[in-house]
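Here are the chains, one letter per residue:
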Amino acid sequence: VQTVALPISAQARTQMSSWALRKHNPTYALQLAQEAAGMDPDGLAAQTARGDTLAANGRRDEAHQAWQRALDIAHRLEPATQTLFVPRLEAKLRK
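Residues numbered from 1 in each chain as written. Predicted model: local features only at pLDDT ≥ 70, side-chain atom pairs only at ≥ 80, totals over all residues. Heavy atoms only, no water.

S.K.: Is there a simple way to explain the overall build of the chain in this structure?
M.R.: Secondary structure assignment for the chain yields five helices and zero strands. Secondary structure elements of the chain, listed N to C terminal, follow the sequence α-α-α-α-α. The C-alpha radius of gyration computed for the chain amounts to 12 Å, which stays within 12% of the reference 12 Å derived for 95 residues, consistent with globular compactness. Relative to its 95 residues, the chain shows a buried fraction of 39%. Sequence-distant contacts in the chain: of pairs separated by 6 or more residues, those separated by 24 or more amount to 53%. When the accessible surface of the chain is split by element, carbon and sulfur atoms take 54% of a total near 5,400 Å². Placing the 12 positive and 9 negative side-chain charges of the chain at their respective mean positions leaves the two points 7 Å apart. (Helix = DSSP H or I, 4+ residues; strand = E, 2+ residues; numbered from the N terminus. Rg over C-alpha atoms; globule rule 2.2 N^0.38 Å. Buried < 20%, exposed > 50% of the residue type's maximum accessible area, 1.4 Å probe, protein only. Contact = heavy atoms within 4.5 Å. Areas by Shrake-Rupley, 256 points an atom, 1.4 Å probe, with all protein chains shown as cover. Lys, Arg positive; Asp, Glu negative; His and termini not counted. Charge placed at Lys NZ, Arg CZ, Asp CG, Glu CD.)

Pasting the structure below:
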């Protein structure tokens, strides 16, 4: 069973990516999310952030690939934990 914990630097980049999106800087957000995903390719949060920032940059096909990867990772979590992530990721994939 996989955990949700990220290496500190990948986690920090993921959080900064979300902040950059809220501050309407999708280009910088994408850079941070790409770095986070590169550092932690099996990280649920990193792949979700990558999908979110790709979508914010108009790159929907790539966003769907990142969200699908995140969903695949989420399905490897314990069932109780899956309920926190799977529905949200499935909703993103339906967009």
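Having seen the model, we can carry on.
S.K.: Please explain the pattern of salt bridges as it appears in this structure.
M.R.: Where charged atoms from two side chains of opposite charge come close, those side chains can pair. Across all of its chains, the model carries four salt bridges by this definition. The salt bridge partner of Arg69 is Asp42, with a shortest N-O separation of 2.9 Å. Of the two residues, Arg69 sits in helix H4 (residues 60-74) while Asp42 sits in the loop between helix H2 (26-39) and helix H3 (44-56), which places them 27 residues apart along the sequence. Note on Arg69: relative accessible area 35%, which makes it partly exposed. We classify Asp42 as partly exposed; its relative accessible area is 38%. (Salt bridge = Lys/Arg side-chain N within 4 Å of Asp/Glu carboxyl O.)

S.K.: Mind showing me how you'd approach the side chain of Thr53 here?
M.R.: Tracing the backbone through its elements, the reader meets Thr53 in helix H3. The exposure class assigned to Thr53 is buried, which follows from its relative accessible area of 0%. Ignoring anything within four residues of it in the chain, the contact list for Thr53 reads Ser17, Leu21, Ala29, Leu30 and Ala33.

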